[in-house]
Amino acid sequence: MSYLYTWAQRLVHTPYPDPVEADAVLMPYRTLTDYQAAEAFALSALPQPVLVGYFQYYRLLTDVISLLQTSLAIDGPVLVEISRPLGVALPIGLMSEGVLVSDDTDPQARWWSHAGVDRVVQIRSRIRRDLHEFGDNSLTVVLHSRVDASDPLHDILRRAPFACAFRPLHHAAATTEPSAAIHAMECMQ
Amino acid sequence: MSEVLAVPVVPASPVKIAHAALRMQPVTLQEAAGLETPAYLFDPAVVIRRFEALRQALGTRLVVSFKANNLVDLVVRCGHSFVDGIELASIGELGVVTGRIAQRRYVNNPSMDAAFMRAALISGCDFIIDSVAQARALAAQDAGARSPRALLRLNAAAISNGAVGADHFGMGEAQAVEAAAILADSAVQVTGVHCFAGSNTFLRYGVSHAGHVRRALDHLQPAVAQPLEEVNLGGGLPMNWDDELGQLESYRKVISELFSDVSVLHEAGRAIFGHAGVFLTRVVAVKTLMDRHIAACDGGMAQNFLLASTEGILRLHAAPLLLSSTPPAASTHPVTIQYVGSSCNRQDVIGHAQDACAAPNVGDICVFEGCGAYNSSYTVRDFLMLPAARSYLRAV
């Protein structure tokens, strides 16, 4: 029997109260036609504001990973799905053993789920760090577990210091059917 | 109906945002202690609230003057709320905003060169035309499939017979007609006029300025082929406009009566950003000269030129708030403190406190309020190769 638990939340304000140094990145214009190309990035409908820059974004991911690694006996990898690793250097927490950063973690999640490990964590971020990025400010954490018959994710993440900056995207429920949860995550994007 | 008039205009309504929410919460010692100085600290939430409140108070569309604060991160945090667009004065500013802001972007510079004009054209900007020559240059551009919009910039003194102070921006009515005729033979759509009476002129000239623009519009419309559907009255609003809501209410009524047939815009920079930023600098040395205590700081006019107050007739220096981790040694009599910056320029005096209880200590942090607009962007940075101020943002 395997279980799948999903914590799917939306960032609604900055997760850290202290001021942060400005770290937005200027686009590297080289020719005049770059301005025409860049225009296409501007989104006419902006459902979610930018609440964090690059530094705070990576700090948040590192905090989530650290919390899960210390709270759960994760014997598989923490799979982190992020786009465009720009802005600032990736923190060491994302480069450490047991963490795999990729632009698509589903194949790895499937492989590890069938590889006999007890717990694999998948983190999918759609948090905007700049106005030219898509995203709905969602953060989804999925636990693939062979050993947890009740949801440990909710209690762990609910008590996290950064949790107050999030609101539920939907009522995540435990299921033994991984494909349904993955599909639900896809629909949210 | 044209695209210009299709943009929703804010219904006239009283400002519903509390006055206190339009100012930054005071900086605490704990907050300041974590910042490397010299530094600016900005509050994006205050920027957004001030924009929304001013838009409500004016009852018109409101364009953000990017030159007042060109920090990229502030655009990133606040850009979604700048629904009526941004005014840009250089290709550098255009480079920050392009790709980030889908709202209208107005480019406005009397000396716009070919590269700036081309970049603005191909990235979909609107033009504010300053002269006949500029109209001719824009008309000569290959616009491809685009139909760029343009406003004719009128000179406020010229259309009011000198009722407001003269400056070198814009055109007289005859020149505006000539510019419109040139643009009529191109892909450019002339959609209206722009006229700005100058910084901080709103309280004194706002109503009369609007009347002069109305008359100019009525003179121009029969003479130009294009329907003039849009009027940009500029801004000139003071930083403390939220202390003058009664006058704004009267102004709004005048505007709604004068311009019921056209779409009205205003522009604002210091009115939006001014109270959304503070400047912080640490005291690095103290001494006494005659009857003055001198506090030498790690930041000054090289990071915040306006604090030196060199441009007015009177040099009126601000008194900073002092954050100290050590209890001040109380003086038996009031003391005068002069806060000086980090350059060897004798004009680098950035603050003054009369009748203070105690002299500052080394390590104290000076907080200068109301430094969110122009203080950073209007600072010459190369003298002595001093370090630039860092910029921090509060959480949103």
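Residues numbered from 1 in each chain as written. Chains lettered and ligands numbered in written order. Predicted model: local features only at pLDDT ≥ 70, side-chain atom pairs only at ≥ 80, totals over all residues.

A. A look at the overall build of chain A. Regarding its fold elements, chain A presents 6 helices and 7 strands. N-terminal to C-terminal, the α/β element order of chain A is β-β-α-α-β-α-β-α-β-β-α-β-α. Out of the 189 residues belonging to chain A, those deemed buried represent 34%. (Helix = DSSP H or I, 4+ residues; strand = E, 2+ residues; numbered from the N terminus. Buried ≥ 20, exposed ≤ 12 C-beta atoms within 10 Å, placed from the backbone.)

B. Local environment of the overall build of chain B. Regarding its fold elements, chain B presents 12 helices and 16 strands. In summary, chain B has a C-alpha radius of gyration of 23 Å against a globular reference of 21 Å for 396 residues, a match within 12%. Each principal axis of the C-alpha distribution contributes one length, and for chain B these read about 75 × 45 × 40 Å. The burial tally for chain B puts 53% of its 396 residues in the buried class. (Rg over C-alpha atoms; globule rule 2.2 N^0.38 Å.)

C. Summary view of the sheet that holds strand β6 (residues 149-155) of chain B. Residues and elements named next belong to chain B. Taken in spatial order, the 8 strands line up as β2-β3-β4-β5-β6-β7-β8-β9 and close into a barrel, and their pairing is parallel. When strand polarity is set aside, the average angle formed by the axes of neighbouring strands in this sheet is 30°. Looking at chain direction, strand β5 (residues 126-129) and β6 are connected through 3 bridges and run parallel. Among the inter-strand pairings, I129 is bridged to a residue of β6, identified as L152. Across the face of the sheet, helix α9 (residues 173-184) comes into contact with β5, β6 and β7 (189-196) while running at roughly 165° to β6. (Pairing = 2+ DSSP bridges. Axes fitted to C-alpha atoms, helices over the stretch in contact; angles between N-to-C directions. Contact = placed C-beta atoms within 7 Å.)

D. Focus on the interface of chain A and chain B. Between chain A and chain B, the residue contacts involve 31 residues of the former and 32 residues of the latter. Those elements that place two or more of their residues in the side of chain A that touches chain B are β2 (20-21) and α1 (33-39) of chain A. The residue makeup of the side of chain A that touches chain B, split by class, is 20 nonpolar, 7 polar and 4 charged. In this structure, β2(A) lies alongside strand β16 (residues 390-393) of chain B, joined through 2 bridges in antiparallel fashion. Across the sheet, the residue bridging to E21(A) is Y392(B), located in β16(B). (Nonpolar A, V, L, I, M, F, W, Y, C, P; charged D, E, K, R; others polar.)

E. Summary view of the sheet that holds strand β3 (residues 78-81) of chain A. Residues and elements named next belong to chain A. Overall, mixed pairing links the 6 strands, which are arranged β4-β3-β5-β6-β1-β7 in an open sheet. Two strands in the sheet have a free side with no partner beyond their single neighbour: β4 (99-102) and β7 (166-168). If you compare each strand with its neighbour and ignore which way they point, the axes differ by 25° on average. Those strands touched by helix α4 (residues 106-113) are β3, β4, β5 (119-126) and β6 (138-145), and its axis lies near 170° from that of β5.

F. Focus on the pairing of β5(A). Residue and element names in this part refer to chain A. With 8 of its 8 residues buried, β5 lies for the most part within the structure. Where β5 and β6 come together, 8 bridges link them in antiparallel fashion. Note that in β6 the partner of V120 across the bridge is H144.

G. Region of interest: helix α2 (residues 54-71) of chain A. Spanning 18 residues, α2(A) covers 26 Å between terminal C-alpha atoms, matching the ideal 26 Å at 1.5 Å per step. Restricting attention to buried positions, one finds in α2(A) the residues Y54(A), Q56(A), Y57(A), Y58(A), L60(A), L61(A), V64(A), I65(A) and L68(A). (Expected span 1.5 Å × (residues − 1).)

H. The packing of helix α7 (residues 132-139) of chain B against α9(B), seen in detail. Residue and element names in this part refer to chain B. As a packed pair, α7 and α9 sit with axes 9 Å apart at the nearest point and diverge in direction by 5°. When the axis of α7 is compared with that of α9, the two are roughly parallel. Contacts between α7 and α9 involve V132, A135, R136, L138 and A139 from the first element and Q175, E178, A179, I182 and L183 from the second. Class assignment of the residues belonging to the contact of α7 with α9 gives a composition of 7 nonpolar, 1 polar and 2 charged. (Parallel < 35°, antiparallel > 145°, perpendicular 65-115°, else oblique.)

I. How the structure looks around the nonpolar core. Core analysis: the biggest nonpolar cluster contains 166 residues, and L54(B), L152(B) and V193(B) have the highest contact counts within it. For L152(B), the residues in contact, after removing those within four places along its chain, are I129(B), M171(B), A176(B), A179(B), A180(B), V190(B), V193(B) and H194(B). (Core = buried A, V, L, I, M, F, W, Y, C linked by C-beta atoms within 7 Å.)

J. Representation of the environment of M171(B) within the structure. Residue and element names in this part refer to chain B. You can see M171 is positioned in the loop between α8 (156-159) and α9. C-beta crowding within 10 Å serves as the criterion here: with 25 such atoms nearby, M171 is assigned to the buried category. As for M171 and L154, which are separated by 17 residues in sequence, their C-alpha atoms are 4.6 Å apart. Those residues in contact with M171 that lie beyond four places of it in its chain are S131, L152, R153, L154, N155, A176 and A179.

K. How the structure looks around the packing of α9(B) against helix α10 (residues 202-220) of chain B. Residue and element names in this part refer to chain B. It is at 10 Å that the axes of α9 and α10 come closest, and there the two elements cross at 50°. In this view, α9 runs oblique relative to α10, as classed from their interaxial angle. The two elements α9 and α10 meet at a crossing, and its hand is right-handed. Contact with α9, carried on its side by E173, A176 and V177, involves A216, H219 and L220 of α10 and no other residues of that element. For the contact of α9 with α10, the residue count by class is 4 nonpolar, 1 polar and 1 charged. (Left-handed = near helix turned anticlockwise from the far one by under 90°.)

L. A look at helix α6 (residues 114-122) of chain B. The complete set of buried residues in α6(B) reads F116(B), M117(B), A119(B), A120(B), L121(B) and I122(B). The secondary structure elements touched by the buried residues of α6(B) are α1 of chain A together with α5 (91-97), β4 (105-107), β5 and α7 of chain B.

M. Spatial organisation of unusual backbone geometry. All names here are of chain B. In this chain, T37 is followed by P38 through a cis amide linkage whose omega measures 0°. Considering the arrangement of structural elements, one finds P38 in the loop between α2 (29-33) and β1 (39-42). The phi torsion at L384 lies on the positive side, around 65°, for a residue other than glycine. If you trace the backbone, L384 turns up in the loop between β15 (365-368) and β16.

N. Fine view of the confidence of the model for chain B. All names here are of chain B. For chain B, per-residue confidence averages 93 on the pLDDT scale, and 96% of positions sit at 70 or higher. Note on residues 1-10: pLDDT under 50 across the span, and 17 contacts to partners over four residues away in sequence or across chains. For this predicted complex, the interface score ipTM comes out at 0.89, alongside a pTM of 0.91. (pLDDT = per-residue confidence, 0-100.)

O. Representation of the environment of G363(B) within the structure. All names here are of chain B. Within the secondary structure, G363 is located in the loop between β14 (349-356) and β15. On the neighbour-count criterion, G363 (13 C-beta atoms within 10 Å) is partly exposed. Note: C-alpha distance between G363 and S325 (38 residues apart in sequence) is 8.0 Å. Excluding its chain neighbours within four sequence positions, the residues that come into contact with G363 are R282, V283 and S325.

P. Quick peek at the confidence of the model for chain A. This prediction gives chain A a mean pLDDT of 85; 87% of its residues lie at or above 70. Counting contacts from residues 171-189 of chain A, a segment whose pLDDT is below 50, to residues more than four positions away or on other chains yields 25 contacts.

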